[in-house]
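The residues making up each chain are set out below.
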Amino acid sequence: MQRAFVYEERNGVRRTLIADDERPDQFVVKTSQDLEPILDSIARDRELMANDGDNVVLGRVPVEVYERAVHQQWDEGDWRKWWNGEGRAFRIWKPWANV
């Protein structure tokens, strides 16, 4: 039998511990996050931030993605793949728009 227990819920992030009686020595932590406020702030910042100097704000990374990257030990190539793939919606700086 699987059991789920929400052990943290704050700042739009919820962490749930999932345990299975058939594997008592293992558990899973599911992280979920309300992405709408993040996406709204990205849309706002795309309009407000010039991002044309030496330092630019690339974007915002959802907590779940950050945790996945840490666990899987992403390198620069993994991040590049994410930013240009599923992470494209989370970009503030769009280098292709500045050419």
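Residues numbered from 1 in each chain as written. Predicted model: local features only at pLDDT ≥ 70, side-chain atom pairs only at ≥ 80, totals over all residues. Heavy atoms only, no water.

Thoughts on the sheet that holds strand 1 (residues 2-10)
Each strand in a sheet pairs with another by means of backbone hydrogen bonds, the pair being arranged parallel or else antiparallel. One open sheet holds the 3 strands; their spatial order is 1-2-3, and the pairing between them is antiparallel. Each edge of the sheet is formed by a strand with only one pairing partner; in this case those strands are strand 1 and strand 3 (23-33). Across the sheet, the axes of successive neighbouring strands diverge by a mean angle of 20°, strand direction being ignored. As defined by bridge partners, strand 2 (residues 13-20) adjoins strand 3 across 8 bridges and the pair is classed as antiparallel. Paired with Ala19 across the strands is Phe27, a residue of strand 3. The sheet contacts of helix 2 (residues 63-72) involve strand 2 and strand 3, and relative to strand 3 the element is tilted by about 135°. (Pairing = 2+ DSSP bridges. Helix = DSSP H or I, 4+ residues; strand = E, 2+ residues; numbered from the N terminus. Axes fitted to C-alpha atoms, helices over the stretch in contact; angles between N-to-C directions. Contact = heavy atoms within 4.5 Å.)

Here we look at unusual backbone geometry
With a phi close to 55°, Asn11 is a non-glycine residue in the positive phi region. Structurally, the position occupied by Asn11 is in the loop between strand 1 and strand 2. Residue classification places Asn11 among the exposed residues on the basis of a relative accessible area of 74%. Positive phi outside glycine occurs at Gln73, with the angle close to 55°. (Buried < 20%, exposed > 50% of the residue type's maximum accessible area, 1.4 Å probe, protein only.)

What to know about the environment of Asp21
Following the sequence through the fold, Asp21 ends up in the loop between strand 2 and strand 3. For Asp21, a relative accessible area of 41% corresponds to the partly exposed category. Taking C-alpha positions, Asp21 is 39 Å from Arg80, a pair spaced 59 residues apart along the chain. Setting aside chain neighbours within four positions, we find Asp21 in contact with Met1 and Arg3. Among the polar contacts made by the side chain of Asp21, one reaches the side chain of Arg3 at a distance of 2.9 Å. (Polar contact = N/O pair within 3.5 Å; in protein donor to acceptor, adjacent residues only side chain to side chain.)

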